Amino acid sequence: MIRAYIKSIAYCVPDKIVTNDDLSKIMDTSDEWIISHTGIKKRHFIGENENNSDIAAKAAKIAMKKGGITADEIDFIIVCTGSADYLGFPATACLVQEKLGAKNAGAYDISAACTGFVFGVETAANFIKSGNYKNILVIGSEVLSRIIDMSDRNTAVLFGDGAGAALISGNEDSESKSEIISSYLRADGSGENALKRPLGGTAHPFIPGVTDPKECFIYMNGRQVYNFAVKAVTNTILQIMEKNNLTIDSIKYIIPHQANIRIIEAAANRASIPIEKFYINIENYANTSAATIPIALTEVVDKNLIQRGDNIITVGFGGGLTYGGNYIKW
Ligand code: UT7
């Protein structure tokens, strides 16, 4: 039996750091408001000459080095993103394929907003288990700084740029290691209008002289997404625990999507799970959408917070609306 496992994981954030105080100089906000309402202290913004595919490729190269594999050995590249280099096509994954020189790889993007990495991990795991692929890169990568309206304090303070890449491979040993055991993936399209980037698709194409340029930015009904998110996080964790016979004590870490510390605290409270079980790093990166979970998981691994055999759960939620999680036995 082939088991799918996370062979290595890495992240890349751009060098430029933007603090809450920096933002308060260009909009009507404050460090105090942002920290108390979200938990965010700073975020990274990409440089002028870089794009999503650049940071995605950088994260992937570090993961490949950690995993000890060459570009030729990559069979498939999945980029999970809501802020692709291009709207529609070509897929950012194709640009990453070129930047890595992964000449034996297929490539496509997954569009599941902030839940993208969770969906990508499950997709890759099943490709691996089919026996047709040996090494797959799953990359959550976002450049949200280019699609936020810097004149809208309701959204501008929430997001950052970054990328996280997992190398998912096949393990034919009898011993399990960092194995992707199962996932819970859901969508609720009735929330179409709660979180979206309205402009550019066939529903709302660009019409010169008519289109309001602001429609190319992220629109969010914060309260609606907040309420959905608390339920989605709670529901996902409880579903994964039930399906896999996990108790709270048997879970070492939950790696949640980092959108707002208050969402994580409310979900922890609702599910009666101690907040210490949740790995939280939103203060340093803000919401990097599909990249928050792989960035957080990399930190958990690099800091030796989890050991072989520990149970971990990822949980994401976002535009679509989408939500879900992965159960990984490290
Ligand atoms: O990845 C998934 C996508 N995103 C999310 O999950 C975000 C989900 N939603 C949230 O995290 C929260 O709803 C927000 C952080 C977006 C907003 O927090 P809130 O506590 O729900 O604030 P609010 O929208 O109710 O606004 C409260 C006040 C308002 O002022 P008034 O009308 O009471 O005078 C806002 O205008 O705070 C004001 N406000 C701000 N003030 C200073 C909103 N944004 C800011 C700001 N700085 N940046």
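To be clear, the structure that these remarks concern was listed above.
Because the structure is predicted, anything quoted here is derived from the model rather than measured.

Participant: Explain the state of the cysteines here, please?
Facilitator: One way to say it: the disulfide is the covalent bond shared by the sulfur atoms of two cysteines. The tally for this structure, following the rule as stated, stands at 0 disulfides. Note on Cys12: no disulfide assigned, nearest cysteine sulfur contributed by Cys80 at a separation of 16 Å. Judged by relative accessible area, Cys12 falls into the buried class, the value being 10%. Here Cys94 stays free of any disulfide, with the sulfur of Cys80 as its closest cysteine sulfur at 14 Å. A relative accessible area of 32% means that Cys94 is categorised as partly exposed.

Participant: Would you explain the pattern of salt bridges in this entry?
Facilitator: If charged atoms from side chains of opposite charge come close, those side chains can pair. Scanning all chains against the criterion turns up 7 salt bridges. Residue Glu50 is joined to Lys58 by a salt bridge in which the shortest nitrogen-to-oxygen separation is 2.8 Å. Classification of Glu50 as buried rests on a relative accessible area of 18%. Notably, a salt bridge pairs Lys66 with Asp302, separated by 3.2 Å at the nearest N-O pair. Taken together, the residues Lys66 in helix H3 (residues 52-67) and Asp302 in helix H10 (residues 292-302) connect sequence positions 236 residues apart. With a relative accessible area of 47%, Asp302 lands in the partly exposed category.

Participant: Would you take a moment to explain unusual backbone geometry for this structure?
Facilitator: Generally, phi is negative for residues other than glycine and the peptide bonds are trans, each holding for most cases. A cis amide bond links Phe89 to the next residue, Pro90, at an omega of 0°. Relative to the assigned elements, Pro90 resides in the loop between strand S4 (76-80) and helix H4 (92-100). The residue after Gly320, namely Leu321, is reached through a cis peptide bond having omega -5°. Mapped onto the elements of the fold, Leu321 is located in the loop between strand S12 (311-318) and strand S13 (322-329). One non-glycine residue, Ser178, lies in positive phi territory at about 30°. For Ser178, a relative accessible area of 3% corresponds to the buried category.

Participant: Teacher, can you tell me more about the nonpolar core here?
Facilitator: Across soluble globular proteins, nonpolar side chains show a tendency to be buried alongside one another. Counting 47 residues, the largest nonpolar core has Ile237, Ile254, Ile263 and Phe317 as its most contacted members. Secondary-structure elements contributing two or more residues to this core are helix H7 (222-243), strand S11 (251-256), helix H8 (261-270), S12 and S13. Here the element with the most residues in this core is H7; it accounts for 10 residues. Setting aside anything within four residues of it in sequence, one finds Ile254 in contact with Ile237, Ile273, Lys277, Phe278, Tyr279, Ile313 and Val315. Core analysis: the second largest hydrophobic core is formed by 32 residues, Phe117, Val118, Ala296 and Trp330 among them.

Participant: Quick question: what am I supposed to make of H10 here?
Facilitator: Note on helix geometry: an α-helix contains 3.6 residues per turn, so any two residues three or four positions apart are oriented the same way. Buried residues dominate H10, accounting for 9 of its 11 residues. Where H10 terminates, the next one or two residues include Asn304, which has phi positive at roughly 55°.

Participant: Looking at this structure, how should I read the side chain of Asn171?
Facilitator: With respect to the element layout, Asn171 can be found in strand S7 (residues 161-171). Here Asn171 falls in the buried class, since its relative accessible area comes to 3%. A polar contact of 2.9 Å, which involves the side chain of Asn171, links it to the backbone nitrogen of Asp173. Among the polar contacts listed, one links the side chain of Asn171 to the backbone oxygen of Glu175, at a separation of 3.0 Å.

Participant: For this particular structure, what's the right way to read the site of the ligand?
Facilitator: The immediate surroundings of the ligand are formed by 23 residues, with Thr29, Arg223, His257, Asn260 and Asn287 found nearest. Separating an oxygen atom of the ligand from a side-chain N or O atom of Asn260 is a distance of 2.7 Å. With respect to the ligand, the side chain of Asn287 contributes an N or O atom lying 2.7 Å from an oxygen atom. Contact with the protein chains hides 74% of the accessible area of the ligand, taken as 950 Å² for the molecule alone. Looking at the shell around the ligand, the elements with two or more residues in it are helix H2 (31-38), helix H6 (153-156), H7 and H8. Top element by residues in the shell around the ligand is H7. It accounts for 4 residues. Of the residues in the shell around the ligand, the class split is 11 nonpolar, 8 polar and 4 charged.

Calculation rules
Residues numbered from 1 in each chain as written. Predicted model: local features only at pLDDT ≥ 70, side-chain atom pairs only at ≥ 80, totals over all residues. Heavy atoms only, no water. Disulfide = S-S within 2.5 Å. Buried < 20%, exposed > 50% of the residue type's maximum accessible area, 1.4 Å probe, protein only. Salt bridge = Lys/Arg side-chain N within 4 Å of Asp/Glu carboxyl O. Helix = DSSP H or I, 4+ residues; strand = E, 2+ residues; numbered from the N terminus. Core = buried A, V, L, I, M, F, W, Y, C linked by side-chain atoms within 4.5 Å. Contact = heavy atoms within 4.5 Å. Polar contact = N/O pair within 3.5 Å; in protein donor to acceptor, adjacent residues only side chain to side chain. Near = heavy atom within 4 Å. Areas by Shrake-Rupley, 256 points an atom, 1.4 Å probe, with all protein chains shown as cover. Nonpolar A, V, L, I, M, F, W, Y, C, P; charged D, E, K, R; others polar.

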